[in-house]
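Examining the three-dimensional arrangement
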Amino acid sequence: MSENKKITIARGDGIGPEIMDSVLHILEAGGAKIEVEEIDIGEKVYLKGIDTGLSPDAWDSLRRTKIFLKAPITTPRGSGYKSLNVTTRTAFGLFANVRPAQSYRPFIRTKHPDMNVVIIRENEEDVYTGIEHRQTEQVYQCLKLVSRPGTEKIVRYAFEYALVHGRKKVTCFVKDNIMKFTDGLFLQVFNEIAKEYQDIQADNWIIDIGAAKLADTPENFDVIVMPNLYGDILSDIAAQIAGSVGLAGSANIGEHLAMFEAIHGSAPDIAGKNLANPSGLLLSAVMMLVHIQQPEAATLIHNAWLRTIESGIHTADIFEQGISSVRVGTKEFTDAVISKIGMKPHELKAAQYKYGKGIKLNKAVRVHVPKKLAGVDIFIDWDGTDPNELGKKIETISTEQLKLQAITNRGIKVYPEGLPESFCTDHWRCRFGSADWREVDHEQIIALLKKFSGAGFDFIKTENLYTFNGTIGFSEVGA
Ligand code: NAD
């Protein structure tokens, strides 16, 4: 007999303890070979003054077992608390968030009977790095960071996932028509990697129309890969239109650790009332069993759950007259699933998991690209309203090598030759460089900044402008 696999669990807050109890009972009945280490996370840890919501013991356990089955937690409102989910994802490098959304018609109401989509969301980058600043009285910024190695990892993961799970198509959602550098890179990497997977169809949509099509005809999608923010939003929408967010599980996969959790929250409104649906956490646990190479238990448990859903034994959140047969509480639902271990669904497609090699990713190859400093954007906080007045002042401090090219306000060119209708805030960007982006050095930029300071301007940020292999690495100033 093989040894039990150690896993870390956390019961979390609200309905967390009830649904975790339910899932552990079902895992045991389904023959999962696991040994549980329990850690405290969430509200009570935050309230002890640990701002990440994870105690040092919890980190140790996670490092030891490398597998985390997590119930939802309540994040206290207000500043001073970090999101435990974001901390765990980024600290342990959980780069891929895998969120299947499948419909179970006619047993759970949905407008989309044939929906079976897996959203693979990049989990570490984009606007989730938490780098935000207030720069002026009127303007706040959030940095969107997209890296080539991060994008290669998530896109390759999506294609490997499709291969391993017998999926036919991978679609990429981006907004590269607007964010030509960040989302442009994501799409470029997608197109490069897609060529290596000739047996898998690849296509892409601009996120807005892609999202509309996903909501309208989800059956036309298979695996969809996308940057963090879009994936966060669209995976909840996908889960909801498939039937209910309460049914969806997720896996957060990293090279060293994997975390499995339902996508819903701690539902404090129904906590302790035996009303919670444990299905989201249970389906996450099924993903965990597949990940730790226990496909027999995963298959038994998933099929018992499908058979229970088919039997119309439903918790209140999915119960519906005419569709469901009996409304049950968390405990009764758990007993029903356990009583059906060994059975397969009659109408819904039965699950059949196999031992696999798992998904292994190549290390990203670093290619050196020659980079030259070619100019600078200097952002200033200026209280005036007339861009021409500002432009004239700045022309006088512009240098031979670093000439003022343009001034923009929230990205709109306002000098020279701006439009009188453009609305201006107190946040101005002054772009400097030569017309043909000849190389400059740091000293020239420092000298320019000294002139800004000498002229009494509050420069709130500078952004160097580089060319890479002769190609400009910054967005051009629009009209
Ligand atoms: P929620 O998902 O907890 O609840 C939304 C609604 O769905 C509620 O009416 C709730 O009763 C219902 N619901 C959710 N899960 C259910 C289930 N399994 N069975 C039956 N009904 C269910 O979202 P919320 O109310 O916005 O958030 C509550 C708390 O959860 C907040 O503190 C939030 O920060 C936290 N949260 C945690 C996670 C996580 O730990 N991964 C995720 C989302 C929200």
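One structure accompanies this document, and this report is about it. (Residues numbered from 1 in each chain as written. Predicted model: local features only at pLDDT ≥ 70, side-chain atom pairs only at ≥ 80, totals over all residues. Heavy atoms only, no water.)

**Looking at the overall build of the chain**
Spelled out, the test is: Comment: elements are numbered from the N terminus, with helices defined as DSSP H or I runs of at least four residues and strands as E runs of at least two. Between buried and exposed lies partly exposed: a residue is buried under 20% and exposed over 50% of the maximum accessible area for its type, with that area taken using a 1.4 Å probe on protein chains only. For this analysis, residues touch if any pair of their heavy atoms sits within 4.5 Å. All accessibility values rest on the Shrake-Rupley procedure with a 1.4 Å probe; residue burial counts only the protein chains present in the view. Counting rule applied: Lys, Arg positive; Asp, Glu negative; His and chain ends not counted. Each charge is placed at NZ for Lys, CZ for Arg, CG for Asp and CD for Glu.
Looking only at helices and strands, the chain features 13 helices and 20 strands. Viewed in the frame of its principal axes, the chain has a C-alpha envelope of about 80 × 55 × 45 Å. Residues counted as buried form 51% of the 479 residues belonging to the chain. Counted over contacts in the chain with a minimum sequence separation of 6, partners at least 24 positions apart contribute 76%. Taken as a whole, the chain presents about 23,000 Å² of accessible surface, with 51% of it coming from carbon and sulfur. One way to put it: in the chain the 55 positive side-chain charges average out to a point 3 Å from where the 61 negative ones average out.

**What about the packing of helix 5 (residues 148-164) against helix 6 (residues 182-194)?**
Put simply, the rule reads: Axis definition: a line fitted to C-alpha atoms, limited for helices to the stretch in contact. Angles are taken between N-to-C directions and run from 0 to 180 degrees. The scheme is simple: roughly parallel for angles under 35 degrees, roughly antiparallel for over 145, roughly perpendicular for 65 to 115, oblique for anything else. Rotating anticlockwise by less than a right angle from the far helix to the near helix defines a left-handed crossing, while the corresponding clockwise rotation defines a right-handed one. Three classes are used: nonpolar for Ala, Val, Leu, Ile, Met, Phe, Trp, Tyr, Cys and Pro, charged for Asp, Glu, Lys and Arg, and polar for all others, with Gly counted as polar.
Between helix 5 and helix 6, the shortest axis-to-axis distance is 9 Å and the interhelical angle comes to 45°. One element, helix 5, and the other, helix 6, form an angle in the oblique class. Where helix 5 crosses over helix 6, the two elements pack in a sense that is right-handed. Here helix 5 contributes Arg148, Thr151, Glu152, Ile154, Val155, Arg156 and Phe159 to the contact with helix 6, which in turn contributes Leu185, Phe186, Gln188, Val189, Phe190, Glu192, Ile193 and Ala194. Taken together, the residues of the contact of helix 5 with helix 6 break down into nine nonpolar, two polar and four charged.

**Thoughts on unusual backbone geometry**
A cis amide bond, omega 10°, links arginine 105 with the succeeding residue proline 106. Mapped onto the elements of the fold, proline 106 is located in the loop between strand 4 (96-102) and strand 5 (116-122). Looking along the chain, the bond that leaves tyrosine 415 and enters proline 416 is cis, with omega of -10°. In this structure, tryptophan 437 is a non-glycine residue whose phi angle is positive, near 50°. Along the chain, tryptophan 437 falls in the loop between strand 18 (427-433) and helix 13 (442-454). The phi dihedral of asparagine 469 is positive, around 55°, even though this residue is not glycine. Within the element layout of this structure, asparagine 469 appears in the loop between strand 19 (458-468) and strand 20 (471-472). You can call asparagine 469 exposed: its relative accessible area is 58%.

**Some points on the nonpolar core**
Quick note on the threshold: The nonpolar core is taken to be a set of buried Ala, Val, Leu, Ile, Met, Phe, Trp, Tyr and Cys residues, with the residues joined through side-chain atoms within 4.5 Å. A domain assignment, automatic or from a database, supplies the domain bounds used here.
If you look at the biggest cluster of nonpolar residues, it comprises 74 residues, and the most contacted ones within it are Leu27, Leu69 and Trp305. A total of eight residues in this core trace back to one element, the largest contributor, which is helix 9 (residues 279-291). Residue assignment places this core across two domains, with domain 1 (1-92 + 247-355) and domain 2 (111-242) each supplying three or more. Residues contacting leucine 69, with those up to four places away along its chain left out, are Ile7, Thr8, Ile9, Ala10, Met20, Val23, Leu27, Phe260, Leu281, Ala285 and Met288. Val376, Ile397, Val440 and Ile445 belong to the second largest nonpolar core, which has 23 residues in total.

**Comments concerning the site of the ligand**
Inclusion rule: For this description, a residue counts as near a given molecule or strand if any of its non-hydrogen atoms is within 4 Å of it. Within 3.5 Å is the distance limit for a polar contact, defined as a pair of N or O atoms, with the added protein rule that one can donate a hydrogen and the other accept it, and that residues adjacent in sequence qualify only through two side-chain atoms.
As a structural note, the neighbourhood of the ligand is formed by 18 residues, with Ile73, Gly265, Ala267, Asp269 and Asn277 the closest of them. The separation between an oxygen atom of the ligand and a polar main-chain atom of glycine 265 is 2.7 Å. Aspartate 269 places a polar side-chain atom, nitrogen or oxygen, 2.9 Å from an oxygen atom of the ligand. In isolation the ligand has 810 Å² of accessible area, and contact with the protein removes 64% of it. Partitioning the shell around the ligand into residue classes produces seven nonpolar, seven polar and four charged.

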